[in-house]
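# Structural overview for review
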Amino acid sequence: MVLKSPLPIEPETPGHICPLDQACSYLQDAGKELNLDPGVLAILSHPRKVVTVSIPVKLDNGQIQVLTGHRVQHSDILGPYKGGIRYHPAVTLGEVSALAMLMTWKCALLGIPYGGAKGGIAINPQSYSVGELERITRRYISELIKDIGPSVDIPAPDMGTSAREMAWMMDTYSVNVGHAVPGIVTGKPLSIGGSLGREKATGRGVMIIVREALAERGKPLTGARVVIQGFGNVGHAAAELLHQLGAKIIAVSTGAGGIFATNGLDIPALTAYRAKNHRSVVGFPQAVAISNVDLLTLPCDVLIPAALENQITRENVNQVQAEIVAEAANGPVTLAANQSLEARGVTVLPDILTNAGGVVVSYLEWVQGLSYVFWDEERVNHEMEKLMLQAYHQVIQQSKSRQISLRLAAYTLGVGRVAQALADRGLYP
Ligand SMILES: NC(=O)c1ccc[n+]([C@@H]2O[C@H](COP(=O)([O-])OP(=O)(O)OC[C@H]3O[C@@H](n4cnc5c(N)ncnc54)[C@H](O)[C@@H]3O)[C@@H](O)[C@H]2O)c1
Ligand SMILES: N[C@@H](CCC(=O)O)C(=O)O
């Protein structure tokens, strides 16, 4: 049996990589390694609930536009559904479904009591005014009101969303139910119960995993050449933290294009430049321009794709010259490219481990909110690092003992824990 996407998602077009098929394929590999019952795999390949809503919005010019939003709840076997909400033009139901499945394995791998979900709206947020974005966000959450809740499904930021959107979501939900419910979202501003450390948490987690992987290879972090695709929440924080530890960030990019400096970029100066330059890095002095395509094939020690899925593919994988590929984005390496990198001995640090710092601090934010006790940033970072290191060492151990790749090791741990919980709950014999 070949596990395929269980949803009637968008038609295949030549060159199109179906994200849910890809996620199902990794699930199938994990199931085979763990000798799981095909019925269990069938359960785990299906999202439990798929919600698609229309979002009518009045634009600033008076026109009405009707957008489509999704929320896919993959599994709540281990706890409430958990996962981000993405605003990006490439959002599809298939993409959101695959990302929801990844959240299930990520939370299970990190040992946090959540299931997996993801949501999204296919818009370019930069094409809308702040007022329009607020109306879109509020209407989207109003449409989902019966499907989410602080012990049901807890959204968080993803591409194109941030603390600002989380605050609008928290307010809309609270107004609808008649009282303040800070626990409905994570990644919120500190003023309404957000956690110190959440903004940089995903980048910090990436730094921790890269640091450990370099150490495992006997390579110093100081002077390590790092290339980062995507300079948003995740890519920027990872760059800052790695730079502080002495790594040489030789290239970074945004959707508008990239920059390259052989001797390493001055990240604090670049941060200031980006703030004045509409979040773009293009034109930064003391660096040369480089395209997003060429950036991925630069010689380096660590390549960190921190933007979209399917960036390293069958087509460009042979030109990738990095020794370590750290998946800060969700799904940046396709199935075929992953096989090719593994065959060449390139270390691929899988997304469900590498970028888990964000959801770990989301969990810590939720715990602080539920207990009405808030921690200092040192404690948040310390607790996050503990969970990240625990998962990292479990993945290394699993990979060594079973002689499997780090990705399959991470998947077997995540999928295995969910399958065990499914059995313990009596949902299959
Ligand atoms: N925000 C989180 O807490 C979090 C946690 C885990 C994983 N992730 C994943 O990390 C990735 C990035 O998320 P983010 O929160 O940093 O998003 P973001 O919106 O803050 O930043 C995205 C960055 O990618 C750039 N970008 C967009 N298209 C690009 C392209 N084609 N080539 C190069 N750069 C491009 C944007 O210009 C921006 O710099 C996503 O895959 C997301 O799912 C995010
Ligand atoms: N969107 C992030 C964070 C999810 C969360 O914090 O719930 C992810 O992919 O992991």
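Model, not experiment: these values are computed from the prediction.

### A short note on the packing of helix α4 (residues 130–143) against helix α5 (residues 163–177)
Between α4 and α5, the least distance of the axes is 9 Å, while the angle of their chain directions is 45°. Looking at the two axes, α4 sits oblique to α5. By crossing handedness, the relation of α4 to α5 is classed as right-handed. Of the residues in α5, those in contact with Val130, Leu133, Glu134, Thr137, Arg138, Ile141 and Ser142 of α4 are Arg164, Glu165, Trp168, Met169, Asp171, Thr172, Tyr173 and Asn176.

### A few points about helix α12 (residues 357–371)
The terminal C-alpha atoms of α12, which comprises 15 residues, lie 21 Å apart, in line with the 21 Å expected from a rise of 1.5 Å per residue. Looking only at α12, the buried set comprises Gly357, Gly358, Val359, Val360, Val361, Ser362, Leu364, Glu365, Trp366 and Gln368. Residues of α12 that are buried sit in contact with β3 (81–87), α3 (93–110), β5 (153–157), α6 (201–216) and α13 (377–402). Tyr372 occupies a position one or two residues after α12 and carries a positive phi of about 55°.

### Some remarks on the site of ligand 2
In the region of ligand 2, 14 residues are neighbours, and Lys82, Lys106, Lys118, Asp158 and Ser362 sit closest. One of the side-chain N or O atoms of Arg198 is found 3.2 Å from an oxygen atom in ligand 2. In isolation ligand 2 offers 300 Å² of accessible surface; the protein chains occlude 95% of this area. Partitioned by chemical class, the residues of the shell around ligand 2 number 4 nonpolar, 5 polar and 5 charged.

### Re the packing of aromatic side chains
For the structure shown, the criterion picks out 4 aromatic pairs. Measuring from ring centre to ring centre gives 5.4 Å for Tyr26 and Tyr411, while their planes differ by 45°; the resulting arrangement is tilted. In this pair, Tyr26 sits in helix α1 (residues 19–34) while Tyr411 sits in helix α14 (residues 406–424), placing the two residues 385 residues apart along the sequence. Per residue, the accessibility class of Tyr26 equals that of Tyr411, and both read buried. When the ring of Tyr114 is compared with that of Tyr363, the centres are 5.8 Å apart and the planes differ by 90°; the resulting orientation is edge-to-face. Here Tyr114, found in the loop between α3 and β4 (116–121), pairs with Tyr363, found in helix α12; they are 249 residues apart in sequence, far enough to count as distant. When its relative accessible area of 0% is taken as the criterion, Tyr114 is described as buried.

### A closer look at the site of ligand 1
Inspection of the region around ligand 1 gives 23 residues, with Arg86, Asp158, Asn233, Ala307 and Asn330 positioned closest. At 2.9 Å from an oxygen atom of ligand 1 is found a main-chain nitrogen or oxygen belonging to Gly160. Note that an oxygen atom of ligand 1 is positioned 3.2 Å from one of the backbone N or O atoms of Gly232. Computed on the free molecule, ligand 1 has an accessible area of 830 Å², of which 84% lies beneath the protein chains in the complex. Within the residue set of the shell around ligand 1, elements represented by two or more residues are α7 (233–244) and β7 (248–254). Grouping the amino acids of the shell around ligand 1 by side-chain chemistry returns 8 nonpolar, 12 polar and 3 charged.

### Looking at the confidence of the model for the protein
Considering every residue of the protein, the mean pLDDT works out to 95; 96% of them sit at 70 or more. Confidence metrics for the complex model read pTM 0.96 and ipTM 0.99.

### Re the sheet that holds β4
Spatially, 5 strands are ordered β1-β2-β4-β3-β5 in an open sheet, and the strand pairing comes out mixed. Looking at the sheet topology across the chains shown, the edges are occupied by β1 (49–58) and β5. Across this sheet, the average inter-strand angle for adjacent strands is 20°, counted without regard to direction. Pairing geometry for strand β2 (residues 64–75) and β4, over 6 bridges, is antiparallel. Of the residues in β4, the one forming a bridge with Arg71 is Gly119. Most of the contacts of α4 go to β1, to which it runs at about 140°, and overall it touches β1, β2, β3 and β4.

What counts, and at which threshold
- Residues numbered from 1 in each chain as written.
- Chains lettered and ligands numbered in written order.
- Predicted model: local features only at pLDDT ≥ 70, side-chain atom pairs only at ≥ 80, totals over all residues.
- Heavy atoms only, no water.
- Axes fitted to C-alpha atoms, helices over the stretch in contact; angles between N-to-C directions.
- Helix = DSSP H or I, 4+ residues; strand = E, 2+ residues; numbered from the N terminus.
- Parallel < 35°, antiparallel > 145°, perpendicular 65-115°, else oblique.
- Left-handed = near helix turned anticlockwise from the far one by under 90°.
- Contact = heavy atoms within 4.5 Å.
- Expected span 1.5 Å × (residues − 1).
- Buried < 20%, exposed > 50% of the residue type's maximum accessible area, 1.4 Å probe, protein only.
- Near = heavy atom within 4 Å.
- Polar contact = N/O pair within 3.5 Å; in protein donor to acceptor, adjacent residues only side chain to side chain.
- Areas by Shrake-Rupley, 256 points an atom, 1.4 Å probe, with all protein chains shown as cover.
- Nonpolar A, V, L, I, M, F, W, Y, C, P; charged D, E, K, R; others polar.
- Phe/Tyr/Trp six-rings, centres within 6.5 Å; stacked < 30°, edge-to-face > 60°.
- pLDDT = per-residue confidence, 0-100.
- Pairing = 2+ DSSP bridges.

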